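A look at the structure
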Protein chains: 2
Amino acid sequence: MARIAADGETDVGGPAKNRRAEQRMALFHARLRERALKSTAPRDDIARVFFALSRHVSAEELYAEVKRINPHVGYATIYRTLKLLKDCGLLSERHFDEGQARYEVVGEHHHDHFICEDCGRILEFEDEAIERMQRNIARRLGVTLHRHKLELYGRCADCAAKAGDQDL
Amino acid sequence: MARIAADGETDVGGPAKNRRAEQRMALFHARLRERALKSTAPRDDIARVFFALSRHVSAEELYAEVKRINPHVGYATIYRTLKLLKDCGLLSERHFDEGQARYEVVGEHHHDHFICEDCGRILEFEDEAIERMQRNIARRLGVTLHRHKLELYGRCADCAAKAGDQDL
DNA sequence: CTAGTTGCAAATGTTTTGCACAAAC
DNA sequence: GTTTGTGCAAAACATTTGCAACTAG
């Protein structure tokens with residue numbers, strides 16, 4: 001009924017992950033060509049790191065990772081490339097309840113998020129019933145639905161175990 | 001099954017609204033006394049305007065309105081009072097997909113929001129089935145749910161009518 | 001009196017932008 | 001050779017904070 005995946009839980013650094021990352025890079029280059037935009041070293045470095053991480057990264061985290069392989073890159077290029085990847089439909093931007101945005105690789109299916117308020121861990125889930133219900137509400141409100149955002153906040157199993165004595 | 005209310009649609013500026021706003025002010029003063037905090041002119045002005053507006057206001061909008069009745073008040077006091085009202089459980093802070101936060105008076109029942117991407121109008125709705133389903137997902141994920149955020153984005157009926165020829 | 005409150009200006013943190021230089025097509 | 005992309009520093013934006021002056025209890 002519902003698929004559940006923890007952050008980066010699928011293909012943990014394995015060959016499948018690399019293959020997928022390479023596919024994304026190919027797609028990225030194709031999109032650039034379509035738009036007559038240029039393929040450059042900083043752009044490729046940022047995109048490659050982003051696809052390889054494939055978690056919910058912040059610009060800051062991505063910047064730090066990119067610096068390791070290309071210390072020359074500036075923050076502005078990080079943000080510009082993130083926006084470009086978004087325009088290319090390869091990235092989606094999320095604003096959870098923190099100051100900074102988080103970015104994730106666009107996958108095959110839509111999903112929503114659970115965010116642990118203690119450790120920040122992000123779990124993804126999918127539920128067709130909820131999707132259906134949202135469409136019902138849209139009909140009832142007489143509006144056209146473009147997109148939605150469902151975020152659950154709470155405490156993950158690990159943190160609940162750790163906090164056990166103090167909180168329960 | 002589900003209650004639906006447009007922004008400020010209930011008690012449009014009528015006596016019921018004023019009565020409710022006064023009740024909130026009384027509650028606010030009670031909460032201040034409990035905490036041994038002071039009741040001051042700027043605080044009261046901000047709270048009164050906030051309760052009277054009772055929409056999804058931004059700090060900027062609230063500041064502008066408060067300035068009209070007390071031009072002396074600064075931005076810092078707006079933010080400090082918003083935080084205070086939140087701590088008192090009289091206000092809830094929302095971060096829709098804009099840069100700035102929006103604040104609303106805490107009412108009797110929990111509700112979620114639809115936001116029109118064209119005109120910015122905000123509709124509120126309530127749906128017990130969705131609430132139930134979220135609890136199911138939390139159980140499935142093995143997490144403890146503290147709160148959630150469900151936002152639908154799209155085009156309201158009015159904007160759809162206006163855009164009719166161009167878009168549909 | 002004394003702790004809490006205010007307004008201002010300056011600081012903050014994240015993201016964007018102007019611009020001169022550099023690199024791709 | 002153009003056009004596009006880059007890095008840097010500065011700007012922008014919403015929000016927070018330090019501080020000296022003020023005021024409610």
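For clarity, every value in this text was computed on a predicted model and none was experimentally measured.

**Some details on the protein's contact with DNA strand C**
In the vicinity of DNA strand C, 20 residues are found, and the nearest of them are Y79 of chain A together with T40, R43, T77 and R80 of chain B. Counting only atoms of DNA strand C within 4 Å of the protein, the sugar-phosphate share comes to 67%. At a separation of 3.3 Å, a phosphate oxygen of DNA strand C approaches a polar backbone atom of S39 of chain A. The separation between a base nitrogen of DNA strand C and a polar side-chain atom of K38 of chain B is 2.8 Å. Elements represented by at least two residues in the surface near DNA strand C include exactly α4 (75–87) of chain A together with α2 (41–53) and α4 (75–87) of chain B. Here the surface near DNA strand C takes 4 residues from α4 of chain A, the largest share from any one element. For the surface near DNA strand C, the per-class residue count stands at 8 nonpolar, 6 polar and 6 charged.

**Side note on the sheet that holds strand β3 (residues 91–94) of chain B**
Residues and elements named next belong to chain B. Spatial ordering of the open sheet is given by β2-β4-β3, a layout of 3 strands whose pairing is antiparallel. The open sheet terminates on both sides in strands that have one partner only, identified here as β2 (57–58) and β3. Note: β3 against strand β4 (residues 102–105), 4 bridges, orientation antiparallel. Bridge pairing links L91 to V105 in β4. Its contacts with the sheet put α4 on β3 and β4, and the angle it makes with β3 is roughly 115°.

**Focus on the pattern of salt bridges**
Residues and elements named next belong to chain B. Tallying each qualifying case throughout the model produces 36 salt bridges over all chains. E108 is the partner of R20 in a salt bridge, and the nearest nitrogen-oxygen pair spans 3.8 Å. Residue R20 is located in helix α1 (residues 15–34), and its partner E108 is located in the loop between β4 and β5 (112–116); the two are separated by 88 residues in the primary sequence. Taking the relative accessible area as the measure of exposure, E108 reaches 60% and is therefore exposed. Measuring nitrogen to oxygen at the nearest pair gives 3.6 Å for the salt bridge that ties R48 to D45.

**What about the relation of the copies chain B and chain A?**
Mapping chain B onto chain A calls for a rotation angle of 180° and an axial translation of 0.0 Å; the resulting RMSD is 0.1 Å. What the superposition gives is, in effect, a two-fold axis relating one chain to the other. Distance from the rotation axis, computed per C-alpha, reaches its smallest value in chain B at L150 of chain B: 2.2 Å. Interface overlap between copies is the fraction of interface residues in one copy that are interface residues in the other; for chain B against chain A it reaches 97%, indicating a shared surface.

**Let's talk about the domain arrangement of chain A**
All names here are of chain A. Assigned domains within chain A: domain 1 (9–105) and domain 2 (112–163). Computed from C-alpha coordinates alone, the two centres of domain 1 and domain 2 are separated by 24 Å. Taken residue by residue, the interface counts 7 residues in domain 1 and 7 residues in domain 2. Our count for the domain 1 to domain 2 interface comes out at 0 salt bridges.

About the thresholds
Residues numbered from 1 in each chain as written. Chains lettered and ligands numbered in written order. Predicted model: local features only at pLDDT ≥ 70, side-chain atom pairs only at ≥ 80, totals over all residues. Heavy atoms only, no water. Near = heavy atom within 4 Å. Polar contact = N/O pair within 3.5 Å; in protein donor to acceptor, adjacent residues only side chain to side chain. Helix = DSSP H or I, 4+ residues; strand = E, 2+ residues; numbered from the N terminus. Nonpolar A, V, L, I, M, F, W, Y, C, P; charged D, E, K, R; others polar. Pairing = 2+ DSSP bridges. Contact = heavy atoms within 4.5 Å. Axes fitted to C-alpha atoms, helices over the stretch in contact; angles between N-to-C directions. Salt bridge = Lys/Arg side-chain N within 4 Å of Asp/Glu carboxyl O. Buried < 20%, exposed > 50% of the residue type's maximum accessible area, 1.4 Å probe, protein only. Least-squares fit on C-alpha atoms with pLDDT ≥ 70 in both. Domains from an automatic or database assignment.

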